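# Report on the structure
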Amino acid sequence: TKDVEDLVRAARERFGMPVTTLVINAVDYAFDPEKRPTVETLEWPGLVRQFSLAVLQTYLLVRAVLPDMREAGFGRIVAVGTNLVHDPVVSYHDYIAAKGALLAFVRSLARDLGLYGITANVVSPGLIHITDASRHIPEEVFRRVAEASALRRVVTPEEVADAVLFFASPWARAITGQELVVDGGLVMH
């Protein structure tokens with residue numbers, strides 16, 4: 001928690017104001033369909049690690065910025081999830097379970113923090129071309145995902161950032177507890 005408190009303190013000092021926008025994208029995962037843990041090889045420490053990255057880090061960050069947001073009477077919390085929660089086309093069990101818990105946690109935050117003018121939402125991208133996490137995915141997979149999506153392409157990091165910026169903007173002031181899936185129309189719900 002000291003690292004998180006130091007991070008928030010550094011942000012306050014850097015920008016000269018309280019922290020009222022928090023974007024959480026704690027990912028340390030390499031998507032590799034050939035090396036992923038299957039249900040037979042998955043071990044509990046792997047699940048715990050992903051839950052710590054997704055849920056525990058979100059919890060710690062929200063706790064650290066909450067005093068600033070409450071004092072300001074305003075706040076935006078935007079977490080990055082995954083469309084795999086809705087359609088696990090490849091079963092990355094540990095990652096998907098953690099991101100599903102993150103979605104539920106952010107929705108409960110939205111209910112709890114709305115009283116203070118704080119919104120909490122999730123942007124859930126699909127396969128992104130190309131990030132550190134997707135660098136091991138064969139081009140054939142990118143091609144197949146593109147063909148299956150409504151827009152016939154894979155989204156870019158910039159397009160995911162656009163959705164995050166939307167939730168952080170004044171245009172999303174009445175939106176909370178929601179998930180925006182950014183995957184070119186692969187998953188629709």
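This one's a predicted model, so the numbers in the text were calculated from it and none came from an experiment. (Residues numbered from 1 in each chain as written. Predicted model: local features only at pLDDT ≥ 70, side-chain atom pairs only at ≥ 80, totals over all residues. Heavy atoms only, no water.)

### Some thoughts on the sheet that holds strand S2 (residues 75–80)
Defined as follows: Between any two strands, at least two bridges found by DSSP are needed for them to pair. The helix and strand labels rest on DSSP assignments: H or I over at least four residues marks a helix, E over at least two residues marks a strand, and numbering proceeds from the N terminus. Axis definition: a line fitted to C-alpha atoms, over the contacting stretch in the case of helices. Angles run 0 to 180 degrees between N-to-C directions.
Taken in spatial order, the four strands of this open sheet run S1-S2-S3-S4, and their pairing is parallel. Each edge of the open sheet carries a strand with a single partner, namely strand S1 (21–24) and strand S4 (179–182). The sheet shows a mean angle of 15° between the axes of neighbouring strands, taken without regard to direction. Pairing between strand S3 (residues 118–125) and S4: four bridges, direction parallel. Of the residues in S4, the one forming a bridge with Val 123 is Leu 180.

### Quick notes on the pairing of S3
For the record, the criterion: Burial classes follow relative accessibility: with a 1.4 Å probe on protein chains only, a residue under 20% of its type's maximum area counts as buried, one over 50% as exposed, and anything between as partly exposed.
S3 sits mainly inside the fold: eight of its eight residues count as buried. Neither face of S3 is open: one carries Ile 118, Ala 120, Val 122 and Ser 124, the other Thr 119, Asn 121, Val 123 and Pro 125, and all of them are buried. Pairing geometry for S2 and S3, over six bridges, is parallel. Its bridge partner being in S3, Ile 77 is matched across the sheet by Ala 120.

### Brief notes about the pattern of salt bridges
Applicable threshold: Salt-bridge detection follows one rule: a side-chain nitrogen of Lys or Arg within 4 Å of a carboxyl oxygen of Asp or Glu.
Applying the stated rule across the entire model yields seven salt bridges. Glu 140 is the partner of Arg 143 in a salt bridge, and the nearest nitrogen-oxygen pair spans 2.4 Å. With Arg 143 and Glu 140 both in helix H4 (residues 139–148) and three residues apart, the pair spans about one turn of that helix. In this structure Arg 143 comes out as partly exposed when scored by relative accessible area, which is 38%.

### Quick look at helix H5 (residues 157–168)
Spelled out, the test is: By this rule the span expected of a helix is its residue count minus one, scaled by 1.5 Å. Here the arc refers to the set of directions running from the helix axis out to each C-beta atom.
The end-to-end C-alpha distance of H5, which contains 12 residues, comes to 17 Å, matching closely the 16 Å that a straight helix rising 1.5 Å per residue would cover. Residues of H5 that are buried include every one of Val 160, Ala 163, Val 164 and Phe 167, and no others. The buried residues of H5 occupy an angular sector of 100° when the element is viewed end-on, so they sit on one face. H5 presents Glu 158 and Leu 165 as exposed residues on the side facing more than 90 degrees away from its buried surface.

### With respect to the layout of surface pockets
What counts, and what does not: Of the two site types, the cavity is a set of points on a 1 Å grid over the protein atoms alone where a 1.4 Å probe fits but cannot get out, and the pocket is an open set with protein on both sides within 12 Å along at least five of seven lines, each lined by residues with an atom within 4 Å of a point. Grid points are joined across faces, edges and corners, and a volume is the space filled by probe spheres set on the points.
Of the pockets and cavities examined, the largest pocket occupies roughly 830 Å³. The wall of the largest pocket is formed by 38 residues, among which Phe 31, Gly 126, Leu 127, Ile 128 and Ser 134 lie closest to the centre.

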